[in-house]
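Single-letter residue listing:
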Amino acid sequence: MTELPPGPPATRTAADPITPPPRRFLDRTTPPHILTLITLASLAALAMNIFLPSLPAMATYFGTEYRVMQLSVALYLGVNAVLQLFVGAISDRVGRRPVLLAGVAIFLLATLGCIFATSSAMFLVFRMFQAAIVTALVLSRAVVRDMVPEAQAASMIGYVTMGMSVAPMVGPAIGGALASVFGWQATFWALFVLGCVTLWLTWSDLGETAPSRAGTTFRDELRDYPELLKSPRFWGYTVTLGLSSGSFFAYIGGAPYVGHRVFGLDQATFGLFFGAPAVGYFLGNFIAGRFSVRIGINRMVLWGSVIVAAGVSLSLLLFKLDLGTPYSFFGL
């Protein structure tokens, strides 16, 4: 196999075979190390839920109702969803590296805004700007696809998301402990420090991986959308991802209320319970990384969907029979 010359692949096109040079850590003239991609994805996941055990304390601090502070989840996810519509197309045009660096930088500034906010409205505005970190979540996977073919990409993405799943597993527990000792701002200071490390790591290790699109315009890309929207395969993957992710985001939005108001859990205990589903997420991504090449993507998606539906159904049945507990709710 022929190695690409060092440096950004300025002359490579999307149709060329992907033959990246060997990876060297902290050398952005070679493809990024998997640790860099895991760190990017983990920060995006951590920003989503590390502060959730602190929501009641934050409502008291700002002198507002709990439901107002719950908007910090809904607004964040709303902006997150909108940005995902544009991040991929923008990075195709200007490159993965500048979009990632800009996203992490905006996240850092927004995090400082959250820390020093003087009202719930100001906090919510900066919280929406924090959603810029979705660039890390989206493009960490796009970079994988830039580097390796489809079959290997499914496996590598599985390992990236497996590493990413550790963040929501331990994040709420750490956030709850920090908030109990130092106050709710401590969770955002932790995000700021981790964001600084991520920005340095991205700058030092991640060179440009996007294939050159010289001669193409945004209008050319838009012409491909009708073909994409007519693809049953596209809609199958999109609906599956949308529904499974929807159940997860519904959990993120509702679990703090259930933990604090229904089960009466304190911040530290809730943080431990909240991270339980990430154990399943970790194992699922490990299985995907290990077996997706051998078993096939579609069969893995099918069985994953069956398992998700079974867990949710069993949880609902237990509560219908008045047998629900924190262990069954968070565990299932």
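All of these numbers come straight from a predicted model, not from anything done at the bench.

About the cut-offs
Residues numbered from 1 in each chain as written. Predicted model: local features only at pLDDT ≥ 70, side-chain atom pairs only at ≥ 80, totals over all residues. Heavy atoms only, no water. Core = buried A, V, L, I, M, F, W, Y, C linked by side-chain atoms within 4.5 Å. Buried < 20%, exposed > 50% of the residue type's maximum accessible area, 1.4 Å probe, protein only. Contact = heavy atoms within 4.5 Å. Phe/Tyr/Trp six-rings, centres within 6.5 Å; stacked < 30°, edge-to-face > 60°. Helix = DSSP H or I, 4+ residues; strand = E, 2+ residues; numbered from the N terminus. Salt bridge = Lys/Arg side-chain N within 4 Å of Asp/Glu carboxyl O.

Glancing now at the nonpolar core. With 57 residues, the main nonpolar core has Leu37, Leu52, Met58, Phe123, Ile133, Phe188 and Leu191 as its most contacted residues. Residues in contact with phenylalanine 123, not counting those within four places in the same chain, are Met58, Phe62, Met69, Ser72, Cys114, Ala117, Trp184 and Phe188.

Before going further, it helps to spend a moment on the packing of aromatic side chains. Scanning the model with the defined rule gives 24 aromatic pairs in all. A ring pair is formed by phenylalanine 51 and phenylalanine 188, whose centres lie 5.6 Å apart and whose planes are at 45°; its orientation type is tilted. On the criterion of sequence distance, the pair formed by phenylalanine 51 in the loop between helix 1 (34-49) and helix 2 (55-62) and phenylalanine 188 in helix 8 (residues 185-205) is long-range, its members being 137 residues apart. As far as burial versus exposure is concerned, phenylalanine 51 and phenylalanine 188 are alike and both buried. When the ring of tyrosine 61 is compared with that of tryptophan 184, the centres are 5.4 Å apart and the planes differ by 70°; the resulting orientation is edge-to-face. Of this pair, tyrosine 61 sits in helix 2 while tryptophan 184 sits in the loop between helix 7 (150-182) and helix 8, placing them 123 residues apart in sequence.

What follows deals with the pattern of salt bridges. Counted by the stated rule, this structure contains 2 salt bridges. Here arginine 67 ties to glutamate 65 by a salt bridge, and the two come within 2.6 Å at their closest N and O atoms. Here arginine 67 falls in the exposed class, since its relative accessible area comes to 57%. A residue is classified by how much of its surface remains accessible, and glutamate 65, at 44% relative accessible area, is partly exposed. Aspartate 92 serves as the salt-bridge partner of arginine 96, at 2.7 Å between the closest nitrogen and oxygen. The exposure class of arginine 96 is buried, given its relative accessible area of 6%.

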